[in-house]
Amino acid sequence: VQLQASGGGLVQAGGSLRLSCEASGRHFSSYALGWFRQAPGKEREFVAAINWNGGASSYADSVKGRFTIFRENAEATLYLQMNSLKPEDTAVYYCAAAGGSGGTYYTGAYDYRYWGQGTLVTVSS
């Protein structure tokens, strides 16, 4: 599967953005999916993950209550709704598809086999 992330941009603190990740290839609905981010000078970190049908999800503590991950399998698209953005959310955001069973979600980057190219989110104070 190939992934293409979009929707990043510049937003003021307290604002919102919705990231999209469009997939091409077969069996999108069978994959567990996730979002990760990497800020300048920092390692890539987990943001949110979702299982194949959206019935289970997980969030990093830093985004819990502000971000929502969801997917539309009929459209082969993954989303990340980001509200109440903070300057510390500034990063390149990556979507990814896991190599294991789609029945659960995965929070480790090492569980993901396919990665999108990333989209930059900049939150100004």
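Quick note: structure is the one above.
Residues numbered from 1 in each chain as written. Predicted model: local features only at pLDDT ≥ 70, side-chain atom pairs only at ≥ 80, totals over all residues. Heavy atoms only, no water.

Asker: What exactly am I supposed to notice about the overall build of the protein here?
Answerer: Across its full length, the protein carries 0 helices and 11 strands. For the protein, the sequential pattern of α-helices and β-strands runs β-β-β-β-β-β-β-β-β-β-β. For 125 residues, the compact-globule estimate of 2.2 N^0.38 gives 14 Å, and the C-alpha radius of gyration of the protein, at 13 Å, lies within 12% of that figure. Each principal axis of the C-alpha atoms in the protein carries an extent, and together these give about 40 × 25 × 25 Å. A total of 125 residues make up the protein; the buried ones form 46% of that total. Summarising the internal contacts of the protein: among those between residues at least 6 apart in sequence, 59% fall at separations of at least 24. (Helix = DSSP H or I, 4+ residues; strand = E, 2+ residues; numbered from the N terminus. Rg over C-alpha atoms; globule rule 2.2 N^0.38 Å. Buried < 20%, exposed > 50% of the residue type's maximum accessible area, 1.4 Å probe, protein only. Contact = heavy atoms within 4.5 Å.)

Asker: Please clarify how the state of the cysteines should be interpreted in this entry.
Answerer: Disulfides are covalent bonds that link the sulfur atoms of two cysteine residues. For the coordinates displayed, the defined rule picks out 1 disulfide. Disulfide pairing is shown between Cys-21 and Cys-95; the S-S distance is 2.1 Å. The S-S bond linking Cys-21 to Cys-95 shows a torsion near 65°; that makes this disulfide right-handed. Here Cys-21 is found in strand β3 (residues 17–24), whereas its partner Cys-95 is found in strand β9 (residues 91–98), with 74 residues between them in sequence. You can call Cys-21 buried: its relative accessible area is 1%. Cys-95 gets classed as buried once you look at its relative accessible area, which sits at 0%. (Disulfide = S-S within 2.5 Å.)

Asker: Whenever I open this one, the nonpolar core confuses me. Can you help?
Answerer: Ranked by internal contacts, the top residues of the largest apolar core, which has 39 residues, are Trp-35, Leu-80, Met-82 and Tyr-93. For this core, the secondary structure elements donating two or more residues are β1 (2–6), β3, β4 (33–38), β5 (45–50), β7 (67–72), β8 (77–82), β9 and β11 (119–124). When residues in this core are grouped by element, the largest group, 6 residues, is from β9. Look past the residues within four positions of Tyr-93 in its chain and what remains in contact with it is Ala-5, Leu-19, Trp-35, Phe-36, Arg-37, Val-47, Phe-67, Leu-80, Met-82, Gly-118, Thr-119 and Val-121. (Core = buried A, V, L, I, M, F, W, Y, C linked by side-chain atoms within 4.5 Å.)

Asker: Before we go on, may I ask you to explain the side chain of Gln-81 in this structure?
Answerer: Along the polypeptide, Gln-81 turns up in strand β8. A polar side-chain atom of Gln-81 sits 2.9 Å from a polar atom in the side chain of Asn-83. Apart from the residues within four sequence positions on either side, Gln-81 is in contact with Ser-16, Leu-17, Arg-18, Arg-66, Phe-67, Thr-68 and Phe-70. (Polar contact = N/O pair within 3.5 Å; in protein donor to acceptor, adjacent residues only side chain to side chain.)

Asker: Looking at this structure, how should I read the pattern of salt bridges?
Answerer: Side-chain pairs of opposite charge can arise whenever the charged atoms involved come near each other. Throughout the structure, instances matching the rule amount to 4 salt bridges. Glu-45 is the partner of Arg-37 in a salt bridge, and the nearest nitrogen-oxygen pair spans 2.6 Å. Judged by relative accessible area, which is 5%, Arg-37 ranks as buried. The structure contains a network of salt bridges with shared partners spanning Arg-37, Glu-45, Arg-66 and Asp-89. (Salt bridge = Lys/Arg side-chain N within 4 Å of Asp/Glu carboxyl O.)

Asker: So what exactly am I meant to see when it comes to the environment of Ala-96 here?
Answerer: Take Ala-96: it is sitting in strand β9. Along the sequence, Ala-96 and Val-47 sit 49 residues apart, while their C-alpha atoms lie 11 Å from each other. Those residues in contact with Ala-96 that lie beyond four places of it in its chain are Leu-3, Ala-32, Leu-33, Gly-34, Tyr-112, Tyr-114 and Trp-115.

Asker: Any chance you could explain the sheet that holds β3 here in plain terms?
Answerer: In sheet architecture, strand pairing relies on hydrogen bonds along the backbone and comes in two forms, parallel and antiparallel. Pairing is antiparallel in the open sheet, where 4 strands are placed in the order β1-β3-β8-β7. With partners counted over all chains shown, the strands left at the sheet margins are β1 and β7, one partner each. With direction set aside, neighbouring strand axes in the sheet form an average angle of 15°. Bridge count for β3 against β8 is 6 bridges, and the pairing is antiparallel. When the sheet's bridge partners are listed, Ser-20 is paired in β8 with Tyr-79. (Pairing = 2+ DSSP bridges. Axes fitted to C-alpha atoms, helices over the stretch in contact; angles between N-to-C directions.)

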